[in-house]
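Architecture at a glance
Next come the chains, spelled out residue by residue.
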Amino acid sequence: MNRTPKLIVISGPSGVGKSTICNEILKRLDNVYLSISATTRKPGPGEQNGREYFFIDAEEFEDRIKRDEFYEYAQVFGNYYGTPKSSVEQALSQGKDVILEIDVQGGLQVKNKRPDAKLVFILPPQYDELSRRLGGRGRDKKDIIKQRLYGAEAEIEMARQNYQYLIVNDELEKAVNEVIAVIRGNGK
Ligand code: ADP
Ligand code: 5GP
């Protein structure tokens, strides 16, 4: 059966569980491509170049902007983050659904380019839980965690106005199933 491949944006505050949810989806669904972004932030413990991100410097990132190699890009917490255009277009042309795990600024750029993209925002069950998850993940220093928590409120407000699907990641299993329903096209 032929169907148009879907473009799904997954955003949410840092530490809410986006990566965890995306990795579960990849285990459960075939024919889904999770885009790997480029970033100028330094790799955290356990992160590998080409797996979580392509870690590049600002000069290279800016060169790639000039060459129009990003599907979208934004500055988040003082670093550049961007989606490589070629791999996304290749996956879509192969009929795969593509997931972009990007921030709200990026989500809005995608919505402009592809109004049929599905924009999903993941919310924490309550605000305190974000702080707990960011700490528990053990990747960021205290001041970085503060900065990330500060960014969360503005992002949540932007998402309430612009995103079609708001999904609370309280129980992981439930959140994963809700995102899968959106990908399959029977989300609420
Ligand atoms: P993000 O990608 O949004 O920054 P992560 O996927 O890295 O967030 O998750 C941050 C932390 O929260 C991780 O330690 C992860 O195991 C944990 N986590 C994710 N989902 C849940 C959940 N539903 N309940 C409790 N902890 C969770
Ligand atoms: P982190 O440093 O925690 O991995 O990511 C920080 C923020 O950058 C998250 O909100 C994440 O969704 C966002 N992000 C990651 N990759 C991209 C990207 O390619 N484009 C945009 N716009 N945001 C991204």
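Structural notes, computed from the coordinates. In this text, all values refer to a predicted model and were calculated from it rather than measured experimentally.

With that out of the way, let us pick up the sheet that holds strand β9 (residues 165-168). The strand order across the open sheet formed by five strands is β2-β7-β1-β8-β9, and the pairing between neighbours is parallel. Looking at which strands have only one partner, the edges of the open sheet turn out to be β2 (32-34) and β9. Strand-to-strand twist across the sheet, computed as the mean angle between neighbouring axes with direction ignored, equals 25°. Where helix α1 (residues 18-28) meets the sheet, it contacts β1 (7-11), β2, β7 (97-101) and β8 (118-123), and its direction lies at approximately 165° from that of β7. Its contacts with the sheet place helix α3 (residues 85-93) against β1, β2 and β7, and it is angled at close to 150° to β7.

The subject of this paragraph is the pattern of salt bridges. Summed over the entire model, instances satisfying the criterion amount to 16 salt bridges. We note a salt bridge from R28 to E173, for which the minimum N-O separation is 3.0 Å. You can see R28 sitting in helix α1 and its partner E173 sitting in helix α7 (residues 172-184), a full 145 residues away along the chain. Residue D140 is joined to R137 by a salt bridge in which the shortest nitrogen-to-oxygen separation is 3.1 Å. Linked by salt bridges that have partners in common, R41, E47, R137, R139, D140 and R148 make up one network.

A few words now on the site of ligand 2. Taken together, 18 residues lie near ligand 2, and S37, R41, Y53, Y81 and R148 sit nearest. Between ligand 2 and G82 there is a distance of 3.2 Å, counted from an oxygen atom to a backbone nitrogen or oxygen. A distance of 2.8 Å separates a nitrogen atom of ligand 2 from a polar side-chain atom of D103. In the complex, 95% of the free accessible area of ligand 2, which totals 510 Å², lies under the protein chains. Secondary-structure elements contributing two or more residues to the shell around ligand 2 are β5 (70-76) and β6 (79-84). By residue class, the composition of the shell around ligand 2 is six nonpolar, five polar and seven charged.

We now examine the packing of aromatic side chains. Following the criterion strictly, the structure yields eight aromatic pairs and no others. Ring centres of F61 and F70 lie 4.4 Å apart, and the angle between their planes is 20°; on these two criteria the pair is classed as stacked. A relative accessible area of 0% means that F61 is categorised as buried. On the accessibility criterion, F70 (6% relative accessible area) is buried. Chaining the aromatic ring pairs together yields one cluster made of F61, F70, Y73 and Y80. In this structure, K113 packs its charged tip against the face of Y71, placed 4.3 Å from the ring centre.

Reading guide: rules and limits
Residues numbered from 1 in each chain as written. Chains lettered and ligands numbered in written order. Predicted model: local features only at pLDDT ≥ 70, side-chain atom pairs only at ≥ 80, totals over all residues. Heavy atoms only, no water. Pairing = 2+ DSSP bridges. Helix = DSSP H or I, 4+ residues; strand = E, 2+ residues; numbered from the N terminus. Axes fitted to C-alpha atoms, helices over the stretch in contact; angles between N-to-C directions. Contact = heavy atoms within 4.5 Å. Salt bridge = Lys/Arg side-chain N within 4 Å of Asp/Glu carboxyl O. Near = heavy atom within 4 Å. Polar contact = N/O pair within 3.5 Å; in protein donor to acceptor, adjacent residues only side chain to side chain. Areas by Shrake-Rupley, 256 points an atom, 1.4 Å probe, with all protein chains shown as cover. Nonpolar A, V, L, I, M, F, W, Y, C, P; charged D, E, K, R; others polar. Phe/Tyr/Trp six-rings, centres within 6.5 Å; stacked < 30°, edge-to-face > 60°. Buried < 20%, exposed > 50% of the residue type's maximum accessible area, 1.4 Å probe, protein only. Lys NZ or Arg CZ within 6 Å of the ring centre and 35° of its normal.

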